[in-house]
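Spelled out from the first residue to the last, the chains are:
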Amino acid sequence: MKFFVDTADTKDIADLAASGLIDGVTTNPSLIAKSGRPFAEVIAEICALTPGPVSAEVVATDYDGMIKEGRKLAKIASNVTVKLPLTLDGLKACKTLTGDGTQVNVTLCFSANQALLAAKAGATFISPFIGRLDDIHLDGMELIHEIRQIYDNYLFDTEILAASIRTANHVKQCALAGADVMTAPPAVIKSLVNHPLTDKGLEIFLADAKKAGIKV
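Quick caveat, the model's predicted, so the values are computed rather than measured.

Scoring rules and cut-offs
Residues numbered from 1 in each chain as written. Predicted model: local features only at pLDDT ≥ 70, side-chain atom pairs only at ≥ 80, totals over all residues. Heavy atoms only, no water. Phe/Tyr/Trp six-rings, centres within 6.5 Å; stacked < 30°, edge-to-face > 60°. Helix = DSSP H or I, 4+ residues; strand = E, 2+ residues; numbered from the N terminus. Buried < 20%, exposed > 50% of the residue type's maximum accessible area, 1.4 Å probe, protein only. Patch = residues over 30% accessible without salt bridge, like charges linked within 9 Å, V, L, I, M, F, W, Y side chains within 5 Å. Areas by Shrake-Rupley, 256 points an atom, 1.4 Å probe, with all protein chains shown as cover. Salt bridge = Lys/Arg side-chain N within 4 Å of Asp/Glu carboxyl O. Lys, Arg positive; Asp, Glu negative; His and termini not counted. Charge placed at Lys NZ, Arg CZ, Asp CG, Glu CD. Arc of directions from axis to C-beta. Contact = heavy atoms within 4.5 Å. Pairing = 2+ DSSP bridges. Right-handed = clockwise from strand over helix to strand, strands pointing away. 1 Å grid on protein atoms, 1.4 Å probe; cavity = no way out; pocket = protein on both sides within 12 Å on 5 of 7 lines; lining within 4 Å. Points joined across faces, edges and corners; volume = space filled by probe spheres on them. Nonpolar A, V, L, I, M, F, W, Y, C, P; charged D, E, K, R; others polar.

K.L.:
An account of the packing of aromatic side chains is requested, with residue identities and associated values reported.
P.N.:
Under the counting rule described, the total for this entry stands at 4 aromatic pairs. A ring pair is formed by Phe4 and Phe125, whose centres lie 5.8 Å apart and whose planes are at 75 degrees; its orientation type is edge-to-face. One end of the pair, Phe4, is in strand S1 (residues 2–6); the other, Phe125, is in strand S6 (residues 125–128), with 121 residues separating them in the sequence. Just as Phe4 is buried, Phe125 falls in that class too. Members of the aromatic cluster, each reached through a chain of ring pairs, are Tyr151, Tyr154 and Phe156.

Have a look at this one:
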């Protein structure tokens, strides 16, 4: 499973990229707004930090606007993935942009039927939002299982990009369900390394090494 980091903070991206833990980046207008910097400038900097896909989202809601913005975003760098909303105009724009050879991430997916439509429109990635479904007392992980079965049934190439990841357990469940990609905030990705027994074991090893005078 590929790991994307969901942020527009270039310091966090550079840190994780140096560790080799991430394969791409997802952003959205809300994350870019927090940076207080020009949209295209931030996307260009992120694209230079990782060779993997970098999702940059349009803000237009009509087909013509999405095509205009999508083509503009695609010119920023070769690894830009244009992010489109899961609407009829978004699906139409997806078909056109993928026809241009541009990678497309169809976002705000909350049902298996929506995911099926995105795959038929040629989406590179589909982004089901796990956490937001959990927020309204639905099982977000069930959606990942449903999409996985449908895509496997019909051999769709669209990759399942599990989004709205809130916890380390979400990451594990996505891996077990067969998600192709997961995207999470930097803090969640970094938390995956944590385990109390690892900390305890390291503490014991270091204490024993000090007691024995071991130096490397």
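K.L.:
Now, about a negative patch on the surface: what can you tell me, with residues and values included?
P.N.:
A cluster of like negative charges, contributed by Asp134, Asp139, Glu142 and Glu146, occupies part of the molecular surface. Mapped onto the secondary structure, Asp134 falls in helix H7 (residues 130–135).

K.L.:
Give a description of helix H6 (residues 112–120) that names residues and reports values.
P.N.:
Turning to H6, its buried residues are Ala112, Ala115, Ala118 and Ala119. Taken down its axis, H6 places every buried residue within 115 degrees of arc, on the same side. Of the exposed residues in H6, those oriented more than 90 degrees away from the buried face are Asn113 and Lys120. Tucked into the core, H6 has its buried residues touching helix H5 (88–99), strand S5 (103–109), S6 and helix H8 (140–154).

K.L.:
Summarise the pairing of S6; cite the residues concerned and give the values.
P.N.:
Of the two faces of S6, the one lined by Phe125 and Ser127 and the one lined by Ile126 and Pro128 are each fully buried. In this structure, S5 lies alongside S6, joined through 3 bridges in parallel fashion. Note that in S6 the partner of Cys109 across the bridge is Pro128. Between the parallel elements S5 and S6, the chain passes through H6 in a crossover that is right-handed. In the sheet, S6 pairs with strand S7 (residues 159–162) via 2 bridges, with the strands oriented parallel. Within S7, the residue paired with Ile126 across the bridge is Ile160.

K.L.:
Go over the layout of surface pockets, please, and point to the residues and values.
P.N.:
The space that makes up the largest pocket amounts to roughly 420 Å³. Lining the largest pocket are 22 residues, with Asp6, Asn28, Leu31, Phe129 and Arg132 sitting closest to its centre. Within the residue set of the lining of the largest pocket, elements represented by two or more residues are helix H2 (29–35) and S5. A per-element tally of the lining of the largest pocket places H2 first, with 4 residues. Partitioning the lining of the largest pocket into residue classes produces 8 nonpolar, 8 polar and 6 charged. Of the pockets and cavities examined, the second largest pocket occupies roughly 190 Å³.

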